[in-house]
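Below are the chains, spelled out letter by letter.
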Amino acid sequence: MPHEKWMKEALKMAEKGWGNTNPNPLVGAVITKEDQLISKGYHEYAGGPHAEINALKKAGDASAGSTMYVTLEPCSHYGKTPPCAEAIIKAGVEKVIIAAGDPNEKVAGKGEEMLRKAGIEVITGVMEKEARKQNEIFMHYITEKKPYLIAKAAMSLDGKIATKQGHSQWITGEEARNHAHWVRQRVSAILVGVNTVIADNPQLTVRLPLDKVNQPLRVVLDSKGNIPLTSTLVSTAKEIKTMVATTDQMPVDLEKKLLLEGVEVVRFPHKQGQVDIQSLIDYFASKEVDSVLVEGGSRVMASFISEKMINKLLWYIAPKIIGGNKAPGPIGGEGILHMKEALPITEMETIQLGEDWLMTGYMKGA
Ligand code: NDP
Ligand code: ZN
């Protein structure tokens, strides 16, 4: 299919914006004439020109009578930039092939309509499934107005995320860890529980050889104020945004010390003595946090799972056995009593990453 061939190219272009467009979508555009490539463009960063405009600029006069492949419906409203649909019409594009409709209520169907009214031939739904998946964070964030929550855990083949004495570095190999860094690059926030900070002293940064690295906000759930002032998260808070989500149980003098180190401290209501994660998610939504990567440990994971907040699971599985009744699994808490209460995971997929495996699946998030 020639349409799919060019749409694949447009999807590849869109991917180049990975991590730099949040909370905007990833969008790629390809312009062709008589099945020959004229130009390509993508949405490079939030607030920057849209993919269609970048492709049109490169094409110049050659865009007259051309076909444009675009992964998301062209916009029809004045946002930070003028509408792309207008620019496409002005440039004399003859045919527009769209992968997915824009769920944004300001656009939804209107971009397509504008093009059709101007006499442009429009075809929609080419590689729609792939395009929607590439923008799953955006699609969720725009329609639900809440961040997309991804649960990530690294575990042994017997489902342990640490040894019985809490040692977990490293369970998986380099390829799996690089993949996890690539996921971090896309999200707006990474979240862990205070026990993980105490046990692992993690950096929670993106460590990839890229020109532009997007360091997500690092968030620690710490209801009572047990985060060590000597932890790496605290000592690097002036360089990388770090937030401690706490309750009224945190002593004020600790809060002051954390603030001096550059840590943002936000007090939330508590639920059975712990940070109420529903209030935390509402807070994120108000701050344009489109996605959160929940990295554990098992207590934190249990809270998010039991409140049915997780949308997607990323399970990195290493061909190793840890064993031990006291070694934790990815999800702690009380658990269920009967199999009929088990939470279903759908659309499972597996890929190999070096010696490890990554299993992904979806949950019906709240
Ligand atoms: P967590 O890291 O999940 O931290 C749990 C603590 O977070 C709670 O005890 C609580 O302390 C605080 N907290 C605040 N609000 C909440 C809330 N709403 N729900 C749950 N917790 C909340 O602790 P775990 O002990 O379960 O896990 C730590 C272990 O997991 C470590 O050994 C670490 O190595 C391992 N780990 C492994 C990973 C892997 O992928 N292999 C990833 C991450 C950790 P308080 O009441 O004081 O606020
Ligand atoms: Zn646009």
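Throughout, residues of each chain are indexed from 1 in the direction in which the sequence is written. All chains are assigned letters beginning at A, and all ligands numbers beginning at 1, according to the order in which they are written. Local features in a predicted model are, by the rule used here, given only for residues with pLDDT of at least 70; side-chain atom pairs are given and counted only at 80 or more, and totals for whole chains, interfaces and linings are based on all residues. Derived side-chain values reflect all non-hydrogen atoms in the structure, with water molecules and hydrogen atoms excluded from consideration.

Notes on the sheet that holds strand E16 (residues 356-362)
Moving on, step 1. The criterion for strand pairing is that DSSP finds at least two bridges linking the strands in question. Helix and strand assignments come from DSSP, with helices taken as H or I runs of at least 4 residues and strands as E runs of at least 2, each series counted from the N terminus. Across the sheet, nine strands lie side by side as E10-E9-E8-E7-E13-E6-E14-E16-E15; this open sheet has mixed pairing. Strands at the two margins of the open sheet, each flanked by one partner only, are strand E10 (264-267) and strand E15 (346-353). In this sheet, adjacent strand axes meet at a mean angle of 20° when their direction is disregarded.
Moving on, step 2. Pairing of strand E7 (residues 189-193) with strand E13 (residues 291-294), which is carried by three bridges, proceeds in the parallel orientation. Looking at E13, one finds that Ile190 is bridged to Leu293. Axis definition: a line fitted to C-alpha atoms, limited for helices to the stretch in contact. Angles are taken between N-to-C directions and run from 0 to 180 degrees.

What about the environment of Tyr283?
Moving on, step 1. Position of Tyr283 among the secondary structure elements: in helix H11 (residues 277-286).
Moving on, step 2. For Tyr283 and Thr32, which are 251 residues apart along the polypeptide, the C-alpha to C-alpha distance reads 44 Å.
Moving on, step 3. We call two residues in contact when some of their heavy atoms are within 4.5 Å. Not counting the four nearest positions on each side in its chain, Tyr283 is found in contact with Met243, Glu264, Val266 and Phe268.

Some points on the site of ligand 1
Moving on, step 1. Proximity is defined per residue: any heavy atom of the residue falling within 4 Å of a molecule or strand makes that residue near it. In the neighbourhood of ligand 1, 28 residues make up the surrounding shell, with Thr196, Asp200, Ser223, Lys224 and Ser303 lying closest.
Moving on, step 2. Within the backbone of Gly166, one N or O atom sits 3.2 Å away from an oxygen atom of ligand 1.
Moving on, step 3. Within the side chain of Asn195, a nitrogen or oxygen atom sits 3.2 Å from an oxygen atom of ligand 1.
Moving on, step 4. Values of accessible area rely on a 1.4 Å probe in the Shrake-Rupley scheme; residue burial ignores everything except the protein chains shown. If ligand 1 stood free it would expose 910 Å²; the protein chains cover 90% of that surface.
Moving on, step 5. Taken together, the elements giving at least two residues each to the shell around ligand 1 come down to strand E6 (148-156), helix H8 (194-200), strand E12 (274-275) and helix H12 (298-306). Definition of a polar contact: a pair of N or O atoms within 3.5 Å, with one able to donate and the other able to accept a hydrogen when the atoms are protein atoms, and with sequence-neighbouring residues admitted only if both atoms are side-chain atoms.

Some thoughts on the packing of aromatic side chains
Moving on, step 1. Side-chain rings of Phe, Tyr and Trp (the six-membered ring for Trp) are treated as a pair once their centres are within 6.5 Å; stacked means planes under 30 degrees apart, edge-to-face means over 60, and tilted covers the remaining angles. Counted by the stated rule, this structure contains three aromatic pairs.
Moving on, step 2. Ring plane angle 55° and centroid distance 6.4 Å describe the contact between Tyr283 and Phe284, whose orientation is recorded as tilted.
Moving on, step 3. Relative accessibility under 20% of the residue-type maximum defines a buried residue, over 50% an exposed one, and the middle range a partly exposed one, all with a 1.4 Å probe and only protein chains included. Residue classification places Tyr283 among the buried residues on the basis of a relative accessible area of 18%.

Overview of the environment of Leu358
Moving on, step 1. Note on placement: Leu358 falls in strand E16.
Moving on, step 2. A relative accessible area of 3% means that Leu358 is categorised as buried.
Moving on, step 3. Taking C-alpha positions, Leu358 is 4.5 Å from Tyr316, a pair spaced 42 residues apart along the chain.
Moving on, step 4. Ignoring anything within four residues of it in the chain, the contact list for Leu358 reads His179, Leu314, Trp315, Tyr316, Glu349, Thr350, Ile351 and Leu353.

Notes on the pattern of salt bridges
Where side chains of opposite charge bring their charged atoms close, a pairing between them can arise.
Moving on, step 1. By definition here, a salt bridge exists when the distance from a side-chain nitrogen of Lys or Arg to a carboxyl oxygen of Asp or Glu is within 4 Å. Under the criterion given, the structure shown has twelve salt bridges.
Moving on, step 2. Measuring nitrogen to oxygen at the nearest pair gives 3.9 Å for the salt bridge that ties Lys12 to Glu9. Placement of the pair is Lys12 and Glu9 together in helix H1 (residues 2-15), with a separation of three residues, close to one helical turn.
Moving on, step 3. The class of Lys12 is exposed, set by a relative accessible area of 55%.
Moving on, step 4. Arg186 serves as the salt-bridge partner of Asp290, at 3.4 Å between the closest nitrogen and oxygen.

A closer look at the side chain of Arg186
Moving on, step 1. Topologically, Arg186 is positioned in helix H7 (residues 174-186).
Moving on, step 2. For Arg186, a relative accessible area of 3% translates into the label buried.
Moving on, step 3. Among residues more than four places away in sequence, those in contact with Arg186 are Trp18, Gly19, Asn22, Asn24, Ile137, Phe138, Asp290 and Ser291.

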